[in-house]
Amino acid sequence: MNALKTVPQAVLLLLALTLGACATTRPALPRRDTAALRYNVTYAREPQRGLEVEIILLSSSPRDFLFRQPERVDTVWALSEDGSSRALRLHGGELHVPSGTRFLRYFYPLESPSRGGERSFFSGVGEGDAWHVAGRAYLLRPRVVPPDLRVEFTVDGTDALLPWPPDDAGVYHLRGEDLVDSGFHGFGGRRCEANVGDAVLEVALLGRFMFLSDAEVCDWLAQAAREVNTVRKTFPHPRITVRVVPVPGAEEPALFGMVQWSSPPSISILVGQDTTADALRRDWIAIHEMLHLTHPTLLPRVAWLTEGLATYYTEIARARSGRQTARQAWQELTDGFARGQSAAGSRTMAEVVSREGDWQGVYWTGALFALRLDLELRRVTHGRARLEDVLELLATRGPTSSLAGFGAAVDTVAGEPLFERLLAHQLSVPAFSDLGSLLDRLGVRIDPGGVKLQAAPDSRLREAVDGGRPSDDAG
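Residues numbered from 1 in each chain as written. Predicted model: local features only at pLDDT ≥ 70, side-chain atom pairs only at ≥ 80, totals over all residues. Heavy atoms only, no water.

J.: Please give an account of the sheet that holds strand β18 (residues 199-205) that cites residues and values.
T.: What the 5 strands build is an open sheet, ordered β17-β18-β19-β21-β20; its pairing is mixed. On the outer flanks of this sheet lie β17 (190-196) and β20 (254-260), each paired with one strand and no other. Pairs of neighbouring strands in the sheet enclose a mean axial angle of 20°, with direction left out of account. In this structure, β17 lies alongside β18, joined through 7 bridges in antiparallel fashion. (Pairing = 2+ DSSP bridges. Helix = DSSP H or I, 4+ residues; strand = E, 2+ residues; numbered from the N terminus. Axes fitted to C-alpha atoms, helices over the stretch in contact; angles between N-to-C directions.)

Put into structure tokens, the structure is as follows:
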């Protein structure tokens, strides 16, 4: 999910893409009869940088395909066994493969003189021979994916970092659903690894930094991963991939980040090319994106809850790890709540979360609900349970859940009906109506000079949440 605190951080200066097609010949055959499709992707440098994609079909292969972002390719070549070829035009991104077709080939360009915004983060951004692109942007995939579809995938011409691990021969063995949720892909660049316990983060650095070493970037990611372990008992996945893309002319540490639910998940982050190690160490986007891994994918999507959990824990986890003090964490939270309250006005929580374009309202309304839920769980269980226990329970129930499933896990941990009662009340009242009284009970006082932490009826709950030390933070 996007990680946003202020509106300017969502404004990106990225490269857009042009269109193209190719019809080069490569007669490779699938290596395994069990694969109904084989994708051979070649990184090309001339006449322009791009991806030559070949799809090898069997008689059992699907015949209807589509692009999720069809504007980047307008022609696909169909080649038959006898070598004859035919140019196929796309209709709304969809393509029907003629009978007798053995190969589909097309060219996806990566270079373009034009500039785009957030969409370029998916369509392609890079420099030289280091490029970032979302799989959904350049991959032509079956319109309907059978559950038993097996796919082989290869990359030639450059070193690639894809969400999936290859075998010893460099072949990726995928399920059909991997083409649907294909994550982020990196081509070229440099590599580093970050290890957190038994988990590994494979990292692609897709461009030059003026003042950062590769080790400093990898240390930043490792620190974020360790902070995830203040929320979950172990890192949620044994392996994930992360692509870091420098943005020329930007001094901000991290401008934008997103996690995609490929299997395993893949994360990409835009980092200012001119940022420094000190600024990067203070940044929050890497931990925010990794915190999304602590909960299952909620279907249908519930942005206020998923973003609220990540936003809440972004500050709490950094306090627990010592990267910021408890006072700093509550300063960040209260500042965010103030932005959310300004965006929400007098609207109820239900009205705020129904408008996903109002990101300040959605993120911080969700974060305030996560705080309330965490406190209530601790209260009704007399400190025996907390919100993190809900995440641990959900992890045993599979990679996906729903709002109802999340609520059921809350009630199980609480030992009583809790979630629906709390949610129904909060949805019906102005989103931040009782924020002042909540902070007063926690001993969080907002003064002109900043937040002060003090003794209060629920200050021990606050300290249990943030791991704070009153003697350090109350002065």
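J.: Talk me through the sheet that holds strand β12 (residues 141-142); I want residue IDs and the actual numbers.
T.: Judged by pairing direction, the sheet is antiparallel, and its 3 strands sit side by side in the order β7-β4-β12 without closing on themselves. The open sheet has two free edges, formed respectively by β7 (94-96) and β12, since each of these has just one partner strand. By the bridge criterion, 3 bridges tie strand β4 (residues 64-66) to β7 in an arrangement that is antiparallel. Paired with D64 across the two strands is H96, which belongs to β7.

J.: Give me the lowdown on the packing of aromatic side chains, citing residues and values where you can.
T.: Ring pairs (aromatic) are described by centroid distance and by the angle formed between their planes. In the structure shown here, the tally under the stated rule is 17 aromatic pairs. Ring centres of F121 and F256 lie 4.9 Å apart, and the angle between their planes is 85°; on these two criteria the pair is classed as edge-to-face. Linking F121 in helix α1 (residues 118-123) with F256 in strand β20, this pair joins segments that are 135 residues apart in sequence. Residues F121 and F256 agree in their burial class; the two are buried. A network of ring pairs unites the aromatic residues Y39, F153, W164 and Y172 as a single cluster. Of note, R105 hangs over the ring of F103, and the distance from its end group to the ring centre comes to 4.7 Å. If you follow R136 out to its NZ or CZ, it ends over the ring of F122, 4.4 Å from the centre. (Phe/Tyr/Trp six-rings, centres within 6.5 Å; stacked < 30°, edge-to-face > 60°. Buried < 20%, exposed > 50% of the residue type's maximum accessible area, 1.4 Å probe, protein only. Lys NZ or Arg CZ within 6 Å of the ring centre and 35° of its normal.)

Remember that the coordinates give geometry; whether it matters functionally is a separate question.
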